[in-house]
Amino acid sequence: MTITPPLFATLYVALGGAVGSVLRYQTGRWMTAWLGPVPMGVFPWATLAVNTIGSLAMGLLAGILLRMGGDTDSWRLLVGVGLLGGFTTFSAFSLELAMLIQRGQLGLAGIYALLSLGLGVTGLIFGLTVSRIGA
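Residues numbered from 1 in each chain as written. Predicted model: local features only at pLDDT ≥ 70, side-chain atom pairs only at ≥ 80, totals over all residues. Heavy atoms only, no water.

Going by what an unreviewed UniProt entry lists, the protein is known as Fluoride-specific ion channel FluC and is assigned to Alteraurantiacibacter lauratis. Regarding the protein, the relevant UniProt record gives this comment under Catalytic activity (unreviewed entry): "fluoride(in) = fluoride(out)". Under the UniProt heading Sequence similarities (unreviewed entry), the note attached to the protein is "Belongs to the fluoride channel Fluc/FEX (TC 1.A.43) family." (UniProt positions renumbered as here; feature names shortened; annotations may be inferred.)

Under the defined criterion, the tally for this structure stands at one salt bridge. Between D73 and R76 there is a salt bridge, with the nearest N and O atoms lying 2.8 Å from each other. One end of the pair is D73 and the other is R76, both in helix α4 (residues 73-87) and three residues apart, which spans about a single turn. Exposure remark for R76: the relative accessible area of 36% places this residue in the partly exposed category. (Salt bridge = Lys/Arg side-chain N within 4 Å of Asp/Glu carboxyl O. Helix = DSSP H or I, 4+ residues; strand = E, 2+ residues; numbered from the N terminus. Buried < 20%, exposed > 50% of the residue type's maximum accessible area, 1.4 Å probe, protein only.)

Here we take up the UniProt feature "binding site: Na(+)" (unreviewed entry) in the protein. Taking the numbering used here, the UniProt-annotated feature "binding site: Na(+)" (unreviewed entry) corresponds to G85 and T88. Given the relative accessible area of 30%, G85 is considered partly exposed. Within the element layout of this structure, T88 appears in the loop between α4 and α5 (90-102). With residues near it in sequence (within four places) discarded, T88 still touches R24, V50, N51 and G54. (Contact = heavy atoms within 4.5 Å.)

What follows covers the environment of S21. Looking at the secondary structure, you find S21 in helix α1 (residues 6-35). Along the backbone, S21 and F87 are 66 residues apart, and their C-alpha atoms lie at a distance of 5.2 Å. Look past the residues within four positions of S21 in its chain and what remains in contact with it is G86 and F87.

Structural data, given as structure tokens:
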């Protein structure tokens, strides 16, 4: 496997991330137009959609890159880290969790899932709380 030079790696990630972020934003707009603002305000349909689509795409990408073998680093950076990272970070979490499960590391997979969810939500609540101090 050829390692992509740092400058090109950064450019691949930036380009993919920009496209992924725009796709995420447009998915939210499209779903609001499709479902209407009331259902979108009741349940995070757009986030669920991008997390599901992103996880599916990450699985497809990982499988394709494994089959391709050889020099896939630029594709991994552009699509996996950049585009899917900008679209949803949940796809990376899903891949890492699936890899732990496939390696038979069920205990670690459970710990990783619980810590990721628990610390993520705790961090968000803590950040919201801190940002409201003095407001």
